[in-house]
Amino acid sequence: MNETPAVTQGDGVTAANSTSSAAPASTASPGPDRADLRPENIQDAVIRLAGNSQDGIQTAGAFLARLAGRSDHDVMTYMTIPATISGGPSIFQVRIGSGEVLSAGDEADFLVAFYQHSYQDHLDFLREGGVLLYDSDNVEPNLDDKRFVYVGVPITGLTVEALGGTAKDKGKNIFVLGLIAKIFNLDADKLKKLISEKFAGKDQSIVNTALMAFQAGYAYPVGNVLTKHYRFEHFPKTSGRAQITMDGNQALAYGLIAAGVRYGAGYPITPWSSIMETLRRELPKYGGIFVQAEDELGAVSLALGFSYSGYLAVTGSAGPGISLKAEAIGWASMAEIPLIVCNIQRGGPSTGLPTNVEQSDLHQAIFGSHGDSPRVVLAAASVEDCFYMAIEAARIARKYSTPVFILSDTSLATRIEAFDEPDLSKLMVDPKPDLTPREGGFKPYDLERITQHIPPGTRILDGKYPLIGGLEHDEMGHPTGSPKLHMAMTAKRRNKLRKLAEEIPVPEVFGDQEGDTLLVGWGSTYGPIHDAVKMGREHGEKIGAIHLRHVHPLPNGLEKIFAKFKRVVTVEMNDQGLYGFGQLATILRARYCEPKIQSVTKTDGLTFRVKEILQGVFPGKFVSVRGYSPNRPVSENGEQDVDVARAESIAQGVG
């Protein structure tokens, strides 16, 4: 086994360093206007782990993200996993920063390549002057490429040596975690605690093996490999609250619990399933229950039964499962029963791209019904927002007795972020049904009032109890075929959403308050859009952005914002459609009859990079990422950009 790490710098010189000597390594030339890893103190770094799904790189990356959260750093992650059971190429990217982190990063500062395909598929994602740490047992890089710093470490062999011959490929992820911890001066004790917590409940030998692998990586003489260790600067948080770190599905599940949701039902489907798992585990602690039904129809019907009883319930799925729930959701609209429906979007149609991201279910959420079946549609913008959006959905469902959709997506579902711990003492909702006796003359479907669903068993003082059903009805719920009543009830169900629109706050404009270009986003595109605005303004563009959390109904007053900009561009992860507009752009154009509304769309199953937004909004101007220059036209590097995107897609099983 070769224990001598090969270090090749950007100038192509290879230095063979023994474990007893530490020859200084020269540095590669950093990219222009780009935060570099070379200073000992750094504020921001993007670390990408590239290997196979079986290697546990998601576990290692999640440890880094959770450590960042516990260390008061901002963090955002991005991952891809193959859709096949047999596994395949996979990545986990984590961006750690001392300031605000809005996106997972367009380029990597530090790339770990476990295999030859990992190196080949992701090298072009590494910024010029960045560090490539590769497993020299499995990777043979092209050392003639002078753009990067090459660090070869026999990761596989050293892991087997540390854990014993039976370890084979297992444990490499934790060994690399130890290496990274040493290189970036991360808190080893906190990481060991995270490892112990992760494997708590398993056999102690598993915990010990993981800690041995970590210690072996941490003890590796990285001083022989790199000239400096790096340290993230620490800026104390001003909020005074501790940070918590979780992914979007966890945040959504715990937000539902805080909102007083104690019952629900669902059926497994990627990427919704982990919300089910969390609710099945946690709801019994609060006196509730979550049922895994035999199918999607059974799941939504069970949830409606819970809501009918007076306890607001939740169901959820991805796009295909939402289609199966459509009939019962229509019943909820007609009967005016509150219900929360989570749609964790993925690539479609049909089974489509089950592990990739799209925002292609917006029209399904708003219009996917039989008859005129109004419902509310909300879209979470970040992992933190998943928590608060669940609370908002519950508030609206109860107040307006209506189905409320929460749209998330694969990116938010799996992304890990750190945010201030919510003040649960102010947020927790008492879920007990309101059984207060109603006065005589109570009408559940009063044409002059917004329906408030009352639980069965509520006493009606005059003894005239209403009916609830899916047939059109009069004000007491009695079935009717009256054309006049059907028109009146249809208007009643529609107008309560108009009433809701009056109370929705108009989103704040980020960046320029008026100017040439307004970007409009919804869902998980929040971070890249805001980073694009920052960069555009730094290079002279008059650009702003708004982000819609309430997408149906839309808040009143958007037209006043649109009027202040020469053009309005939606940024969406869905198809441009037959007429050249994304799904949100189509809705906005129909709503405001405004021809200056355009869209930038994509359907490659990947999250937006900042440069993709800038290239789409300003064709021919911007190419690179955080350090882009408006003087580098797209045409100079267009083919390379396409090749990088194609490689990323193939690595996910998209291409």
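This text follows the structure it describes.
This structure is a prediction, so every number in the text was calculated from the model and none was measured.

### Let's talk about the overall build of the protein
Then, in step 1: From N to C terminus, the protein includes 20 helices and 24 strands.
Then, in step 2: Classification of the 655 residues of the protein by burial places 57% in the buried group.
Then, in step 3: When contacts within the protein are restricted to residue pairs at least 6 apart in sequence, those whose partners lie at least 24 apart make up 72%.

### Section: helix α15 (residues 483-503)
Then, in step 1: The terminal C-alpha atoms of α15 lie 31 Å apart, and with 21 residues this matches the ideal 30 Å at 1.5 Å per residue to within 8%.
Then, in step 2: Buried within α15 are the following residues: Met489, Thr490, Ala491, Lys492, Arg493, Lys496, Leu497, Leu500 and Ala501.

### Concerning the packing of aromatic side chains
Then, in step 1: This structure, assessed with the given rule, holds 10 aromatic pairs.
Then, in step 2: Between Phe184 and Tyr230, the ring centres sit 5.7 Å apart and the planes meet at 55 degrees, which makes this aromatic pair tilted. Here Tyr230 lies in the loop between α6 (204-219) and β10 (231-232) and Phe184 lies in the loop between α4 (172-183) and α5 (188-198), a separation of 46 residues in the sequence.
Then, in step 3: Residue classification places Phe184 among the buried positions, given a relative accessible area of 1%.
Then, in step 4: Seen in terms of ring centroids, Phe562 and Tyr592 are 5.5 Å apart; in terms of plane orientation they differ by 85 degrees. Their pairing is edge-to-face. Note that Phe562 is positioned in helix α17 (residues 558-562) and Tyr592 in helix α18 (residues 583-592), a separation of 30 residues in sequence. Taken individually, Phe562 and Tyr592 each receive the classification buried, so the pair is uniform in this respect.
Then, in step 5: Cluster of aromatic residues (ring-pair linked, three or more members): Phe110, Phe184, Tyr230 and Phe232.
Then, in step 6: Here the guanidinium or amino end of Lys602 rests over the ring plane of Phe608, the centre of that ring lying 5.1 Å away.

### Some details on the sheet that holds strand β12 (residues 263-266)
Then, in step 1: With respect to topology, 7 strands assemble into an open sheet ordered β13-β12-β14-β15-β17-β16-β22, the strand pairing being mixed. Among the strands making up the open sheet, the edge pair consists of β13 (289-292) and β22 (550-552). Adjacent strand axes in the sheet meet at a mean angle of 25 degrees when their direction is disregarded.
Then, in step 2: Sheet analysis places strand β14 (residues 313-317) next to strand β15 (residues 339-345), joined by 4 bridges and oriented parallel. The partner of Gly316 across the bridge, within β15, is Cys342.

### Here we look at the sheet that holds strand β24 (residues 597-601)
Then, in step 1: Here 5 strands make up an open sheet; going across it, the order is β19-β21-β20-β23-β24 and the pairing mixed. Whereas interior strands pair on both sides, the edge strands pair on one side only; in this sheet they are β19 (510-511) and β24.
Then, in step 2: Across 2 bridges, the pairing between β19 and strand β21 (residues 543-548) is antiparallel. Looking at β21, one finds that Gly511 is bridged to Gly544.
Then, in step 3: Seen against the sheet, helix α16 (residues 526-538) touches β19, β20 (515-522), β21 and β23 (565-572) and runs at an angle of roughly 170 degrees to β21.

### Concerning empty space enclosed by the protein
Then, in step 1: Here the structure, examined in full by the defined rule, presents 3 cavities of 30 Å³ or more.
Then, in step 2: Its volume calculated, the largest cavity comes out at about 90 Å³.
Then, in step 3: Taken together, 13 residues line the largest cavity, and the ones lying closest to its centre are Tyr78, Met79, Thr410, Ser411 and Thr607.
Then, in step 4: Elements with a contribution of two residues or more to the lining of the largest cavity: β5 (74-80) and α13 (410-414).
Then, in step 5: Class assignment for the residues of the lining of the largest cavity results in 3 nonpolar, 9 polar and 1 charged.
Then, in step 6: In this structure, the second largest cavity occupies an estimated 40 Å³ of space.
Then, in step 7: If you go around the second largest cavity, the residues you meet are Ala335, Glu336, Pro444, Tyr445, Thr451, Gln452, His453, Ile454 and Ile468.
Then, in step 8: Residue classes in the lining of the second largest cavity are distributed as 5 nonpolar, 3 polar and 1 charged.

### A closer look at the environment of Ala585
Then, in step 1: Mapped onto the elements of the fold, Ala585 is located in helix α18.
Then, in step 2: Setting aside residues no more than four positions away along its own chain, Ala585 makes contact with Thr570, Glu572, Ile597, Gln598 and Ser599.

### So, the pattern of salt bridges
Between side chains of opposite charge, a pair can form as their charged atoms come close.
Then, in step 1: Considering all chains together, one arrives at 28 salt bridges under this definition.
Then, in step 2: A salt bridge links Lys496 to Glu336; the shortest N-O distance between them is 2.6 Å. Of this pair, Lys496 sits in helix α15 while Glu336 sits in the loop between α10 (319-335) and β15; the two residues are 160 residues apart in sequence, bridging distant segments of the chain.
Then, in step 3: In this structure Lys496 comes out as buried when scored by relative accessible area, which is 6%.

Thresholds, definitions, all that
Residues numbered from 1 in each chain as written. Predicted model: local features only at pLDDT ≥ 70, side-chain atom pairs only at ≥ 80, totals over all residues. Heavy atoms only, no water. Helix = DSSP H or I, 4+ residues; strand = E, 2+ residues; numbered from the N terminus. Buried < 20%, exposed > 50% of the residue type's maximum accessible area, 1.4 Å probe, protein only. Contact = heavy atoms within 4.5 Å. Expected span 1.5 Å × (residues − 1). Phe/Tyr/Trp six-rings, centres within 6.5 Å; stacked < 30°, edge-to-face > 60°. Lys NZ or Arg CZ within 6 Å of the ring centre and 35° of its normal. Pairing = 2+ DSSP bridges. Axes fitted to C-alpha atoms, helices over the stretch in contact; angles between N-to-C directions. 1 Å grid on protein atoms, 1.4 Å probe; cavity = no way out; pocket = protein on both sides within 12 Å on 5 of 7 lines; lining within 4 Å. Points joined across faces, edges and corners; volume = space filled by probe spheres on them. Nonpolar A, V, L, I, M, F, W, Y, C, P; charged D, E, K, R; others polar. Salt bridge = Lys/Arg side-chain N within 4 Å of Asp/Glu carboxyl O.

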